[in-house]
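Given next are the chains, with one letter for each unit.
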Amino acid sequence: MDTSTQLNTELNQQHLRPQIDKQLEGVGDAALKAKIEASEVNVFYGENQALYDVNLKIGERSVTALIGPSGCGKSTFIRTLNRMNDIIEGCRVTGRITLDGQNIYDPGVDPVQLRARVGMVFQKPNPFPKSIFDNIAYGPKIHGLASSKSELEEIVVTSLRKAGIFDEVKDRLSEPGTGLSGGQQQRLCIARAIAVSPDVILMDEPCSALDPIATARIEELMDELKENYTIVIVTHSMQQAARVSQRTAFFHLGKLVEEGETETIFTTPKDERTESYITGRIG
Amino acid sequence: MTDIPLTEEIRSDWLSPGQQKNIRRRYRADRRLQIYGLLAIAMAILLLGILVFSLVRTGYKSFVQTKVTFPITLDSQRIKASDPGRGNYRVIVRNAFRALFPDVKGRRPLNDLDKILSSEARFIVRDRVVSNPDLIGKTVDFTLPLSDPFDQLFKNVIPAELLALTRQEVGNFNSLKNRNVISLVDGSTVLQISVYIDPSKVNSDDISAGNFEALLKEGLNVYFKGRIGSSIESILAPDAASVIQKVVEADPTVIGKVLQVKVPVSEYYDTLNKGKIPVTTNPRFSSPEQIKHFNSLVERGMLSTPFNWELFFNSDSRFPEQAGLAGAIVGSFYTLLVCFLISFPVGISAAVYLEEFAPKNRFTHLIEVNINNLAAVPSVVFGLLGLAVFLGFFELPRSAPLVGGMVLSLMTLPTIIIATRAALKAVPPSIREAALGIGASRHQVVLHHVLPLAMPGILTGTIIGLAQALGETAPLLLIGMNAFITSAPGGILEPSTSLPTQIFSWADSPERGFVSRTSAAILVLLGFLVLMNIIAIFFRQRFERTW
């Protein structure tokens, strides 16, 4: 059976077709306004090279999905975008990654400030073992974003609202964040990232530890958030990539194999490896 | 469905006798392992039980103190109201106590009587009068401790009388009885003995100068075949030689012949022969009269054994009945305080640097290995270091808790560093990532998130390290904290003892009172250790968080 036809059939069967079509409206290579631009990025862990000459543009106010089999370097790549790799001993990054035209690996760039601008949500929900309020308030506090207590409260409430979790937790802001369910914890982490008003939110497999219902809520949330934020998501689920992203990049063995509009990647992939992966032959 | 054939060779017959045997063997191995574990635990509990039991058995008597209650007239002639601290309390207390025994006369008997009361009693009276000068001129009931032998006697630790003869001595006497050479003459026991009146030892010209002792010994030698010694010679009464002398004086012709004589045996053997057990007054007491006086106090119901608060509120003393642990407890407290103030911040800083900031290279690896080695260094070596460096070079005061704490902190540092590093390692990396991910700097990550989460583990490690330091003796001995100090230290620079060194010096003392006080002090030390471990468990549970 033809691969793209098969995928289309699958997507149609899951009633996802209209959603994808809607998301793809007006998005094309020409319309892509790059927020982040990576060129010739190589990453080394000691002697081992994890990424080879990656060139990728990430569009502003859209969702870009990074897919690929395990160990292909997609998580490594997403972590170069906010310099989280800096804390890994022996990790070396070469090449250029610009955020709004400025190279984030310039010596003048402070990685701490960068991480406030490029927030991150991790695979496993990792709220601080503090109250829900403190979880959100911590970022604004250390960055001095709130000048008064009421302002801080406002930031917390706004962030929780934006992350779509406010109604569930408004009565128990002083309870520990670790007492929430997995999906709520992950949305709390998203709210925590939003609280420092970043431009970009990186999500490293944000739904892999969640059940389908919680996953659906996070995906809805991403859809809303992309109105204001640039989102990069690493995912193992191709359906998820198809559902939430406008653009998709396929990584394989440390190389960026193919990137483009999500529909194109999933319906008419240019590269043989992409096709093999999305049809489930490698992975 | 599948092309792979399932051959009979691959399949196992789970019901075959071989398999059944295999399964049974596996279960047996499981049970054996369980039994070994249970045995090991039972052994540990048994040993611990024996330790605690033996300590409690010897130590519990120190938690009460024998005291005598009697009225003392605080004569205003002897105590000036203007300066109550300098009155002649020795005479006041002595006379009041002697008044209980009006029959006792003479210098020695009165001295023996005085020894029943603790020689520290006058200071107790003085302190009470000083704190309450209104008592001067009145007659007040005082409850004062007895001296150590009588305290031990009242607690049945030592007997008033001891067996006068050893088992060997009784055996020697019985062997004589079996030879039928022991008989009763005129109500006193005599030994029949053959004595060769050696002319070289007894001269007929001057019989009184003869060596009759030597003749007796030779006569006894016949019965004991050369095993003669002081324990055998003691069988004979001191006047035995004179009995022979009299015989020879009465009939000098016996010189040069063998004489059969009956000589008296000594008092204890006489008692033994009459079917009683010979006893003697315990040499810890001066005289049998002393014990009579004591017994009369018991009969008059003047003795009591109240709880021994002095054990906790007094400092060391030469007299066991007055010796207490206050100085040692305060000294240990100051020592541990210094130890904590040094090792806690330094240990945590070192551990945080090594775990969170240090690059992983050969140099930091070397440091790590050396810290682990430091934990294994015998504590006495640290004591020598303290002696050479802190006392010798920096000339810090001897026996001071400051130096003790500094030496002990060298010991606790590696423990705290290792425990802190383990606690930091146990904080999940996701917490660090979460904080870094919203733009916290590395010190914010450590101070705001990692350290608070690691704190229960750090505190547990610290308290265990301090508990170890509390029981450490050797380094404190080397810097002189086993000195005899009769007051609690007022600060970290004053000379002091500590609990373990106090135990060490009491264990070395010959008085019986110190034996049980040593056990009591060990129990107090163990009590503090248990308390510290309970605090450690409390911290662990109180601050433990889940993520």
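Just so we're clear, the structure is a prediction, and the values are computed from it rather than from any experiment.

Novice: Looking at this model, I keep getting lost on the overall build of chain B. Mind explaining?
Specialist: When its secondary structure is counted, chain B shows 21 helices and 8 strands. The C-alpha atoms of chain B give a radius of gyration of 37 Å, which is well past the 24 Å a tight globule of 547 residues would have. A burial count over chain B gives 44% of its 547 residues as buried. Of all intrachain contacts in chain B linking residues separated by at least 6 positions in sequence, the fraction that spans at least 24 positions is 76%. A total accessible area of about 29,400 Å² is found for chain B, and carbon and sulfur atoms account for 60% of it. Each charge class in chain B can be summarised by its mean position, and for the 54 positive and 45 negative side chains these summaries are 5 Å apart.

Novice: I tried to follow the pairing of strand β9 (residues 247-252) of chain A on my own but got confused; where do I start?
Specialist: The side chains of a regular strand alternate between both faces of the sheet. Residue and element names in this part refer to chain A. Of all 6 residues making up β9, 6 are buried, and the element is well covered by its neighbours. The two faces of β9 match: Arg 247, Ala 249 and Phe 251 on one face and Thr 248, Phe 250 and His 252 on the other face are all buried. As judged from the 4 bridges shared by strand β3 (residues 63-67) and β9, these two strands associate in the parallel manner. For Ala 65, the partnering residue across the bridge sits in β9 and is Thr 248. Between β9 and strand β10 (residues 255-261), which pair antiparallel and follow one another directly, the connecting turn spans 2 residues, one of which, Leu 253, has a positive phi of 50°.

Novice: Even after reading the chapter, I still don't get the side chain of Thr 230 of chain A, so can you show me in this structure?
Specialist: All names here are of chain A. Mapping Thr 230 onto the fold places it in strand β8 (residues 230-234). From its side chain, Thr 230 meets the backbone nitrogen of Arg 61 in a polar contact 3.1 Å long. Setting aside anything within four residues of it in sequence, one finds Thr 230 in contact with Lys 35, Ile 58, Gly 59, Glu 60, Arg 61, Ser 62, Asp 199, Val 200 and Ile 201.

Novice: I tried to follow the environment of Leu 387 of chain B on my own but got confused; where do I start?
Specialist: Residues and elements named next belong to chain B. Examined against the element boundaries, Leu 387 turns out to sit in helix α15 (residues 379-393). On the basis of relative accessibility, which here comes to 28%, the residue Leu 387 falls in the partly exposed class. Measuring from C-alpha to C-alpha, the distance between Leu 387 and Gly 106 comes to 54 Å, with 281 residues separating the pair along the chain. In this view, Leu 387 contacts Gly 392, Arg 398, Leu 478 and Ile 479; residues no more than four positions away in its chain are not counted.

Novice: Sorry if this is basic, but what is going on with the packing of aromatic side chains here?
Specialist: All names here are of chain B. As enumerated under the stated definition, the model contains 19 aromatic pairs over all chains in all. Here Phe 97 and Phe 101 contribute two aromatic rings whose centre-to-centre distance is 5.8 Å and whose plane-to-plane angle is 70°, an arrangement assigned as edge-to-face. By relative accessible area, which is 1% here, Phe 97 ends up buried. With 6.3 Å between their ring centres and 10° between their planes, Phe 307 and Phe 312 make a pair best called stacked. Joined through ring pairs, the aromatic side chains of Phe 63, Phe 307, Trp 309, Phe 312 and Phe 313 make up one cluster.

Novice: Mind showing me how you'd approach the sheet that holds strand β6 (residues 258-264) of chain B here?
Specialist: Backbone hydrogen bonds are what pair the strands of a sheet, in a parallel or an antiparallel way. Residue and element names in this part refer to chain B. Spatial strand order, β4-β5-β6: 3 strands in an open sheet with antiparallel pairing. Since the sheet does not close on itself, it has two edges, and those belong to β4 (182-185) and β6, each with one partner. Taking the axes of each pair of neighbouring strands and ignoring which way they run, one obtains an average angle of 40° across the sheet. Two strands pair when backbone bridges link them, and strand β5 (residues 188-196) and β6 are joined in this way by 7 bridges, in the antiparallel orientation.

Novice: Hey, could you run me through the interface of chain A and chain B in this one?
Specialist: Bring the parts together and some accessible area is lost; that lost area is often taken as the interface size. Each partner contributes residues to the interface: chain A has 24 residues there, and chain B has 20 residues. Contact between chain A and chain B buries roughly 1,800 Å² in total, counting both sides, with carbon and sulfur atoms accounting for 62%. Our count for the contact surface shared by chain A and chain B stands at 1 salt bridge. Notably, a salt bridge pairs Glu 433 of chain B with Arg 79 of chain A, separated by 3.2 Å at the nearest N-O pair.

Novice: For this particular structure, what's the right way to read the packing of α15 of chain B against helix α16 (residues 401-426) of chain B?
Specialist: When two helices pack together, their arrangement is captured by the angle between the axes and the distance separating the axes. Residue and element names in this part refer to chain B. Where α15 meets α16, the closest approach of the two axes is 9 Å, and the angle between their N-to-C directions is 135°. With respect to their mutual orientation, α15 and α16 come out oblique. Crossing handedness for the pair α15 and α16: right-handed. Note on element contacts: α16 touches α15 through Val 403, Met 406, Val 407, Leu 410 and Met 411, opposite Ser 379, Phe 382, Gly 383, Leu 385, Gly 386, Phe 390 and Leu 391. Across the contact of α15 with α16, the residue classes break down as 9 nonpolar, 3 polar and no charged.

Novice: Could you clarify how one ought to interpret the sheet that holds strand β2 (residues 139-145) of chain B in this entry?
Specialist: Residue and element names in this part refer to chain B. Pairing is antiparallel in the open sheet, where 3 strands are placed in the order β2-β1-β8. At either margin of the open sheet sits one strand with a lone partner, and together these are β2 and β8 (303-304). Sheet topology places strand β1 (residues 67-73) next to β2; 7 bridges connect them, and they run antiparallel. The partner of Val 68 across the bridge, within β2, is Leu 144.

Novice: Would you take a moment to explain the nonpolar core for this structure?
Specialist: Among soluble globular proteins, nonpolar side chains are generally buried collectively. Among the nonpolar cores identified, the biggest contains 53 residues, and Leu 66, Phe 77, Leu 81 and Phe 251 of chain A are the most heavily contacted of them. One finds Val 156, Leu 160, Ala 191 and Ile 233 of chain A within the second-largest nonpolar core, a separate group that totals 45 residues.

Novice: What should I look at first to understand the pattern of salt bridges in this one?
Specialist: Oppositely charged side chains are able to pair whenever their charged atoms sit close together. Residue and element names in this part refer to chain A. Tallied over the entire structure, the rule returns 25 salt bridges over all chains. The partner of Lys 226 in a salt bridge is Asp 223, and the shortest N-O contact between them spans 3.1 Å. You can call Asp 223 partly exposed: its relative accessible area is 22%. A cluster of three or more residues bridged by salt bridges with shared partners is formed by Lys 35, Glu 60, Asp 100, Arg 117 and Asp 199.

Novice: Where do I start with the environment of Leu 74 of chain B in this structure?
Specialist: All names here are of chain B. By secondary structure assignment, the location of Leu 74 is in the loop between β1 and α2 (89-98). Taking relative accessible area as the criterion, Leu 74 reaches 0% and is therefore assigned buried. Here Leu 74 is in contact with Ile 79, Ile 92, Val 125, Val 129, Leu 135, Ile 136, Gly 137, Lys 138, Val 140 and Phe 142, once residues within four sequence places are set aside.

Novice: Can you help me understand the confidence of the model for chain B in this one?
Specialist: For any part of a model where pLDDT is low, the fine detail of the predicted coordinates should not be relied upon. For chain B, per-residue confidence averages 88 on the pLDDT scale, and 97% of positions sit at 70 or higher. Here the predicted complex scores 0.80 on pTM and 0.82 on ipTM.

Novice: I would appreciate a short explanation of helix α7 (residues 212-224) of chain B in the present structure.
Specialist: It helps to recall that an α-helix has 3.6 residues per turn; residues three or four apart then point in one direction. All names here are of chain B. The terminal C-alpha atoms of α7 lie 19 Å apart, and with 13 residues this matches the ideal 18 Å at 1.5 Å per residue to within 8%. If you follow the buried residues of α7, they end up packed against α6 (167-178), β5, α8 (230-233), α9 (240-250) and β6. The first or second residue beyond α7 is Lys 225, which carries a positive phi of 50°.

Novice: Honestly, the pairing of strand β2 (residues 48-59) of chain A in this entry has me stumped. Any pointers?
Specialist: All names here are of chain A. Sheet topology places strand β1 (residues 34-45) next to β2; 8 bridges connect them, and they run antiparallel. Looking at the pairing, Val 43 lines up with Leu 51 of β2. Here β1 folds back onto β2 in antiparallel fashion, the turn holding 2 residues, of which Gly 46 has a positive phi close to 60°.

Novice: In this structure, what is going on with a positive patch on the surface? I would like to understand it.
Specialist: Together, Lys 21, Arg 24, Arg 25, Arg 28, Arg 31 and Arg 32 of chain B give the surface a local cluster of positive charge. Examined against the element boundaries, Arg 28 of chain B turns out to sit in helix α1 (residues 17-59).

Novice: Help me out: how do you make sense of the side chain of Thr 518 of chain B in this one?
Specialist: Residue and element names in this part refer to chain B. Mapped onto the elements, Thr 518 comes out in helix α21 (residues 512-543). Overall, the relative accessible area of 9% leaves Thr 518 in the buried class. Filtering out sequence-adjacent residues up to four positions away, Thr 518 remains in contact with Ile 503, Trp 506 and Ala 507.

Novice: What exactly am I supposed to notice about unusual backbone geometry here?
Specialist: Backbone geometry follows two general trends: most residues other than glycine have a negative phi, and most peptide bonds adopt the trans configuration. All names here are of chain B. The phi dihedral of Asn 156 is positive, around 65°, even though this residue is not glycine. Its place among the elements puts Asn 156 in the loop between α5 (148-154) and β3 (161-163). The class for Asn 156 is exposed, based on a relative accessible area of 66%. Unusually for a residue other than glycine, Ser 399 sits at a positive phi of about 60°. Residue position: Ser 399 is located in the loop between α15 and α16. On the accessibility criterion, Ser 399 (8% relative accessible area) is buried.

Reading the values: rules and limits
Residues numbered from 1 in each chain as written. Chains lettered and ligands numbered in written order. Predicted model: local features only at pLDDT ≥ 70, side-chain atom pairs only at ≥ 80, totals over all residues. Heavy atoms only, no water. Helix = DSSP H or I, 4+ residues; strand = E, 2+ residues; numbered from the N terminus. Rg over C-alpha atoms; globule rule 2.2 N^0.38 Å. Buried < 20%, exposed > 50% of the residue type's maximum accessible area, 1.4 Å probe, protein only. Contact = heavy atoms within 4.5 Å. Areas by Shrake-Rupley, 256 points an atom, 1.4 Å probe, with all protein chains shown as cover. Lys, Arg positive; Asp, Glu negative; His and termini not counted. Charge placed at Lys NZ, Arg CZ, Asp CG, Glu CD. Pairing = 2+ DSSP bridges. Polar contact = N/O pair within 3.5 Å; in protein donor to acceptor, adjacent residues only side chain to side chain. Phe/Tyr/Trp six-rings, centres within 6.5 Å; stacked < 30°, edge-to-face > 60°. Axes fitted to C-alpha atoms, helices over the stretch in contact; angles between N-to-C directions. Buried area = accessible area lost by both parts, 1.4 Å probe. Salt bridge = Lys/Arg side-chain N within 4 Å of Asp/Glu carboxyl O. Parallel < 35°, antiparallel > 145°, perpendicular 65-115°, else oblique. Left-handed = near helix turned anticlockwise from the far one by under 90°. Nonpolar A, V, L, I, M, F, W, Y, C, P; charged D, E, K, R; others polar. Core = buried A, V, L, I, M, F, W, Y, C linked by side-chain atoms within 4.5 Å. pLDDT = per-residue confidence, 0-100. Expected span 1.5 Å × (residues − 1). Patch = residues over 30% accessible without salt bridge, like charges linked within 9 Å, V, L, I, M, F, W, Y side chains within 5 Å.

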